[in-house]
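# Structure assessment
The chain contents come next:
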Amino acid sequence: MGKVSDVSPFAPSVLAKLPPIDGVTFATAEAGIRYKKRTDLLLAVLDEGTSVAGVLTQSKTASAPVLLCRKHLKKGSARALVVNSGNANAFTGKKGSDAVDITVEHAVEAVGCRPHNVFVASTGVIGEPLDATKFAHLLAKLAKNAEADAFEAAARAIMTTDTYPKLATRKALIGDTEVTINGFCKGAGMIAPDMATMLCFIFTDAAIPADALQDLVGEHVKTTFNCMTVDGDTSTSDTCLVFATGHAAERGQKPVTKAKSKKLAAFSDALHDLMQDLAIQVAKDGEGLSKFVTFEVEGAKSWEAARTIALSCANSPILKTAIAGEDPNWGRVVMAVGKSGEAADRDKLSIWFGPHCVARDGERAPDYDEKTAAAYMKNREIVIRIAVGVGKASATVWTCDLTHDYVSINADYRS
């Protein structure tokens, strides 16, 4: 297993404390799937009536758990979530689908539900068979011992090369009823989400049907998880699921059936904010990072074009290594903009490193000062703003630098 030399410099000194949510409990176990002396199996038990929505990797080599979730999402209801770390159960052929079937069978017995109510996710090494018989029998005991106040334990159980658990919570009003949204995710490498993120699970007590929840999640993922990257590699296992237990209805919340309803506006904003928070936390835990980097692109023809240009910069190894070396090499930004394939006016292109304009209207800025720009690059958080001069659209993408530690971690990942 690749070794992380230190905890991320952006790891919070105090983890977010997530309050219990009516209708969901968690339990974890040390199943020994790959890791020793740490939890690697999670069961979330959800009350009857929980609706579910989600987005999944668009990888053409998606894992067996992703294929199962894709099928079960069509039913829109959930009673159990089973997650293991250490083995992705991807590129495992029939053995992979058999492992999922065994997991579902035991979850059904443990929770007392139908197979389509069970969701499964796996993360870890690709291509190694997952023997579900070594852990599926633990689900019955986990179901009996599940607790509401265990979000941090749940987040820790799904970590791989993460250096800290990623947690977030928000409150919102639906009508006069306050609801809670909690979420946790994992991810540090092989991160370039495509319609989802590494593994992310969000829970709320709001009463929202699956169709409306799906519309919200599908919309918000575009400007949150899909605007974050660590290394440009989309995982086979990307899974983002949102569960709504509906218990807020017992406190007077009236169900809202349309995602665009004004009654859901505050909830929608809070959900988006939480998803953005988690996306940024992943970028701030990128494998081997020393700097957190924000690319802001403006003056593009469309939001999609602006995002593509920003991702071209955020995924450029040669630009990311320059940032790691604290080199204000704006020429590499010019390169990344040019290779994006999106419209950009070379002779109107302007670039800022933080507040410092390094290039203006297609050439080096007249007042550019190397020492000033280099001093800015010593900051832990870097903002690079780019104006491409062809329109009015803008987009923001979050990433990190690329260091020697990233190479070391991934060179030794299976060792």
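It should be emphasised that the depicted structure is a prediction, and the values quoted were computed from it without experimental measurement.

### Concerning helix H6 (residues 265-283)
An ideal rise of 1.5 Å per residue puts 27 Å on 19 residues; H6 measures up with 27 Å between its terminal C-alpha atoms. Against the buried residues of H6 lie strand E5 (166-174), strand E6 (177-186), strand E7 (199-204), helix H5 (210-220), strand E9 (292-300) and strand E14 (393-400).

### Quick look at the UniProt feature "binding site: substrate" (unreviewed entry) in the protein chain
The feature "binding site: substrate" (unreviewed entry), as given by UniProt, occupies Thr160, Lys186, Thr197, Glu287, Asn410 and Ser415 in the numbering adopted here. Turning to its location among the elements, Lys186 is positioned in strand E6. Relative accessible area serves as the criterion here: at 5%, Lys186 is assigned to the buried category. Lys186 has contacts with Thr123, Ile158, Met159, Thr160, Asp162, Met198 and Leu199, leaving out every residue within four places of it along the chain. Among the polar contacts listed, one links the side chain of Lys186 to the side chain of Thr123, at a separation of 2.9 Å.

### Structural notes on the confidence of the model for the protein chain
One rule of thumb: low pLDDT means the predicted coordinates there are not for detailed reading. Summing up the model confidence of the protein chain, the mean pLDDT is 95 and the portion of residues at 70 or higher is 98%. Residue range residues 1-5 is modelled with pLDDT below 50. Its contacts to residues more than four positions away, or to other chains, number 16 contacts.

### Some remarks on unusual backbone geometry
Here Asn89, not a glycine, exhibits a phi torsion of approximately 45 degrees, which is positive. Phi is positive for Phe91, which is not a glycine, with a value near 60 degrees. Relative to the helices and strands, Phe91 is located in the loop between strand E3 (77-87) and helix H2 (93-111). What makes Phe91 exposed here is its relative accessible area of 72%.

Calculation notes
The residue numbers shown here count from 1 along each chain, following its written sequence. Totals for whole chains, interfaces and linings use every residue, but because this is a predicted model, local features are given only for residues with pLDDT of at least 70 and side-chain atom pairs only at 80 or more, for both listing and counting. Hydrogens are left out, water is left out, and the side-chain values use all remaining heavy atoms of the structure. By definition, any uninterrupted DSSP run of H or I lasting at least four residues is a helix, any uninterrupted run of E lasting at least two residues is a strand, and each is numbered from the N terminus. Each helix should span, by expectation, one fewer than its residue count multiplied by 1.5 Å. Any two residues having at least one pair of non-hydrogen atoms within 4.5 Å are treated as being in contact. UniProt positions are given in the numbering used here, feature names are shortened, and annotations may be inferred rather than shown by experiment. Relative accessibility thresholds used throughout: buried, under 20% of the residue-type maximum; exposed, over 50%; partly exposed, between the two (1.4 Å probe, protein chains only). Contacts described as polar in this section are N or O atom pairs within 3.5 Å, which, within protein, must combine one atom able to donate a hydrogen with one able to accept it, while residues neighboring in sequence count only if both atoms come from side chains. Summary of the metric used: pLDDT quantifies the predictor's per-residue confidence within the range 0 to 100.

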